[in-house]
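For reference, the chains in residue letters:
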Amino acid sequence: MRIHKEGFVTILLSVIVVAAVNLLTLFFVTPSYPTLGWIIMLGTIGLLVFILSFFRIPTRTHAVGEDLIVAPCDGTVVVIEEVEADEYFSGKRLQLSIFMSPLNVHVNRNPVDGEVKYSQYHPGKFLVAWHPKSSTENERHSVVYDLDGKEVLVKQIAGALAKRIVNYLKPGMNVKQGDEMGFIKFGSRVDLLLPLGTQIDVKINQKVKGGVTILGKW
């Protein structure tokens, strides 16, 4: 396991703040209120451990296959339904949405091989990630992959806690399945818009792992 580069600054600042709080607690709180001092120190150390775990990248064996659509993130499947496309595509597509809690691994990965045909950031609101309108009204970044004429759109969607979306992809890039596409800080959701007729191999409320779980085949 290693720490994601997006977490270096956050972790450094957190270590400085935790160290300062604990030093002040040790000198000014603990002598008079030892129980409170221990609570503060254990609480701040626990918060630091949580932040470290949030930016973790576990060692995994990724699923690979040109006919496979692999989960772009860790989380829980919350939507599988036909929708009217609101971006890039026209007509109906099959939407599959994955909710990411703050406890999930938050690196996002390419679900397929292919050429990046579209990569667009959209400013927006910060509705809770499970809100139905979060797909169209929240801050988000959309990417379209093209593999031999088959296209899938992936949306990184910010939530009430997630205030920063990072995406590394540009139009014209050729990318590999399972490689990093970006990162969302502190919980959110990822939507996939797939061609109708795509075989789906997961169910609502199923837990998935980014780069590992096969969502379906096309």
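Quick note: structure is the one above.
Now for a quick tour of the structure. (Residues numbered from 1 in each chain as written. Predicted model: local features only at pLDDT ≥ 70, side-chain atom pairs only at ≥ 80, totals over all residues. Heavy atoms only, no water.)

Within the open sheet, the 3 strands sit side by side as S3-S16-S14. Their pairing is antiparallel. Of all the strands in the sheet, the pair left with one neighbour each is strand S3 (68-70) and strand S14 (199-200). The pairing of S3 with strand S16 (residues 214-217) spans 3 bridges and is antiparallel. Residue pairing for S16: Val70 is matched across the bridge by Ile214. (Pairing = 2+ DSSP bridges. Helix = DSSP H or I, 4+ residues; strand = E, 2+ residues; numbered from the N terminus.)

A separate point is unusual backbone geometry. Peptide bonds are, in most cases, trans, and in most cases residues other than glycine have a negative phi. A positive phi angle, near 70°, is found at Tyr88, a position not held by glycine. Judged by its relative accessible area of 39%, Tyr88 falls in the partly exposed class. Despite not being glycine, Asp148 shows a phi value in the positive range, around 55°. By relative accessible area, Asp148 is classed as exposed at 69%. (Buried < 20%, exposed > 50% of the residue type's maximum accessible area, 1.4 Å probe, protein only.)

A few words on the sheet that holds strand S12 (residues 180-184). Read from one edge of the open sheet, 3 strands run S6-S12-S10, paired in antiparallel fashion. Looking along the sheet, the strands with just one partner apiece sit at the ends: strand S6 (107-109) and strand S10 (165-167). On average, each strand axis in the sheet is tilted by 20° relative to the strand beside it, whichever way the strands run. Here S10 pairs with S12 via 3 bridges, running antiparallel. Each bridged residue has a counterpart across the sheet, and for Val166 the counterpart in S12 is Phe183. (Axes fitted to C-alpha atoms, helices over the stretch in contact; angles between N-to-C directions.)

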